[in-house]
Amino acid sequence: MFENSKKVESSSNPSEYDEPNPSEAGSANAPLTRPPGVHRVCLPPRQTSVQKLRRRLLEIFFPDDPLHRFKDQTWFRRLVTGLQCSFPILKWAPHYSFKLLKCDVVSGVTIASLAIPQGISYAKLANLPPIIGLYSSFVPPLIYSLLGSSHHLAVGPVSIASLVMGTMLSEAVSYTEEHALYLKLAFTSTFFAGLFQASLGFLRLGFIIDFLSKATLVGFMAGAAIIVSLQQLKGLLGIVHFTSKMQIIPVLSSVFNHRNEWSWQTIVIGVSFLVLLLTTRHISSRRPRLFWISAAAPLTSVILSTILVVCLKSKLHDIQTIGQLPKGLNPPSAHMLLFTGGHLALTIKTGFTTGVLSLTEGIAVGRTFAALKNYQVNGNKEMVAIGLMNIAGSCSSCYVTTGSFSRSAVNYNAGAQSGVSNIIMAGAVLITLLFLMPLFHYTPNLILAAIIITAAVGLIDYEAAYKLWKVDKLDFVACLCSFFGVLFISVALGLAIAVGISVFKILLNVTRPNTVWLGNIPGTQIYQNRNRYTQAVRVPSFLILGIEAPIYFANSTYLQERILRWIREEEQWLASNDICELRCVILDMTAVTAIDTSGLDMISELRKMLDKRSLKLVLANPVGSVMEKLHKSNVLELFHFEGLYLTVGEAVSDISSSWKDQA
């Protein structure tokens, strides 16, 4: 055995890589043991295939070890813990106090003043009756308050999901000519969105939504926000005949082709309220303590604009209003779900798309405010909560809902302490549904357009786009592609482009991994990238390369070609400068976290090719899983005695010493 002064990846009985005898080592003068200070490279502990599979599955699906809280507990305590995990409200409700209730009442009433006008506005954005937006602000928050783990997430309709649903469904069904069918498709799409979301949570497949990277989401949100805002020019200008398309060119064409329908009264009042809403939003963003100004502004604008229309009804006859809204609680809609017919594929596709978007937004918002208050939001639980919330909503005349960033920010700033704030908000919406609906009869459409534009402006994150440009140009290109895809193609295809770019970036990093040329920092045993550290110097007769990715079938050929190119360029440089010839190539395997059979074949072929050129190939610090596969595939036999080292420094020192001894 090699002399061992330090164990790597060891256990109580680590497997070891046996040293070949001198005859196998390829040199009669090879030492029987490594000199002191050169450490043995160990194999990982032996495990059966079942043990490896179990460990791998646990790492994939249960990285947070959700069952750890059940260990060493009595059966009763396990039952209580299980109920608390399923219904987080049972965890904090016993400790709830009147002081916390006062905070939640204030925040609940505050977000209700924002949720009511936004609910009506976003429903119109989805081409649904305004009352559906209020229904969606009543039942889902109650469900989430029981199942959700975030204390600050304010649940309700959101602009992006509303836009996507309205766009995808209206491409196949006219919401004006086939109103009943359109409503059924919206509820069915909501059901499939909830089913998809809950399934991801139950199966712990939340990593699927991570394919929507931040860069692509920034571009997608900005493009969708612009489309949303342009669509609201219909209400802001008083246009009656407007395009249903969602691309920027048809929308702008429709605006200017119907100039004869523009109403100066609508424009003056609409722009005035839009300026008011944007001003209050700016004030609250600059001074968070004045959050209540922007929170109360939408409902105040609705009240003022309604009073204005009522008082000047005879003079403002060109202004369009919402009209009569039915009073009462959510009517059941389970009988309206369509699981057969020619539109089933459309509802599944719409549900999947809106489900991914709303899930991404809801979890991101929940984690943002949880980080500010130093508590943890469980992603899989949130998926289940949001999914079940939407399934229940589809059966009670609601469409897709999730956590809204604008309402959640108001909820946080208002001092919310728990999910009770959602219950208070739902109570305020209930009172509105039962008693206040006739008051919205004369609410003008222009104020809804102004509210939507104000909310959409907040989705354009130009600071994040600038940061992408500074930090990662490829991410910025992905952001631009998704942005222009939404603007000029369609919202759905823009989302597909965003996902495609994210996947392409992953494939690019996998298939074209980075390789670096390492040099020695003088006076140390440290070897670093020579392009990064100018003080790192070339080691005579050695070419030291670092591979910074796993080696798979997708990149093994590229890595082999790239390593051979490094060798060719190094030999040419040495020859042109009349310096000693290249004798050894060291591959630093520290960052190679995995390898497959194609990678093993590449290592084997590279070793044979370099042997024919009288070049030694050495591997430094292969990790446990790579070491195990090298051993099982018999590739280690090709490396003999001086082929494996714990560090690059030990490899250089030991091989240099052996060359001196041979000389």
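As recorded in an unreviewed UniProt entry, the chain goes by Sulfate transporter 3.4 and comes from Sesamum angustifolium. In UniProt, the chain has this text filed under Subcellular location (unreviewed entry): "Membrane".

Student: Lay out the packing of aromatic side chains in plain terms, naming residues and giving numbers.
Tutor: Following the criterion strictly, the structure yields 15 aromatic pairs and no others. Between Phe 191 and Phe 192, the ring centres sit 5.8 Å apart and the planes meet at 75°, which makes this aromatic pair edge-to-face. Judged on exposure class, the residue Phe 191 and its partner Phe 192 are both buried. Note on Trp 469 and Phe 476: the rings are 5.2 Å apart at their centroids and 70° apart in plane angle, and the pair reads as edge-to-face. Judged by relative accessible area, Trp 469 falls into the partly exposed class, the value being 43%. Above the ring of Trp 517, the side-chain terminus of Arg 530 is found at 4.4 Å from the ring centroid. Arg 583 extends its terminal NZ or CZ atom over the ring of Trp 659, reaching a point 4.0 Å from the ring centre.

Student: How would you summarise the nonpolar core if you had to cite specific residues and measurements?
Tutor: In terms of nonpolar packing, the biggest core is built from 105 residues, with Leu 128, Ile 132, Leu 163, Phe 220, Tyr 399 and Leu 433 touching the most fellow members. Residues within four places of Leu 433 in sequence aside, it is in contact with Ile 131, Leu 134, Tyr 135, Phe 138, Lys 327, Gly 328 and Asn 330.

Student: Kindly report on the UniProt feature "transmembrane region" (unreviewed entry) in the chain, identifying the contributing residues and their values.
Tutor: UniProt feature "transmembrane region" (unreviewed entry): in the numbering of this structure it lies at residues 153-175, 181-203, 215-242, 262-278, 290-310, 423-440, 446-464 and 476-504. This span, residues 290-310, is 95% helix and 0% strand, and a straight line between its end C-alpha atoms measures 31 Å.

Student: Quick rundown of the sheet that holds strand β6 (residues 584-588)? Include the residues and the values.
Tutor: Taken in spatial order, the six strands make up an open sheet running β4-β3-β5-β6-β7-β8, and their pairing is mixed. What marks the edges here is a single partner per strand, and that holds for β4 (527-529) and β8 (644-645). Across two bridges, strand β7 (residues 616-620) lies against β8 in parallel orientation. Bridge pairing in β8 places Leu 619 opposite Leu 644.

Conventions we followed
Residues numbered from 1 in each chain as written. Predicted model: local features only at pLDDT ≥ 70, side-chain atom pairs only at ≥ 80, totals over all residues. Heavy atoms only, no water. UniProt positions renumbered as here; feature names shortened; annotations may be inferred. Phe/Tyr/Trp six-rings, centres within 6.5 Å; stacked < 30°, edge-to-face > 60°. Buried < 20%, exposed > 50% of the residue type's maximum accessible area, 1.4 Å probe, protein only. Lys NZ or Arg CZ within 6 Å of the ring centre and 35° of its normal. Core = buried A, V, L, I, M, F, W, Y, C linked by side-chain atoms within 4.5 Å. Contact = heavy atoms within 4.5 Å. Helix = DSSP H or I, 4+ residues; strand = E, 2+ residues; numbered from the N terminus. Pairing = 2+ DSSP bridges.

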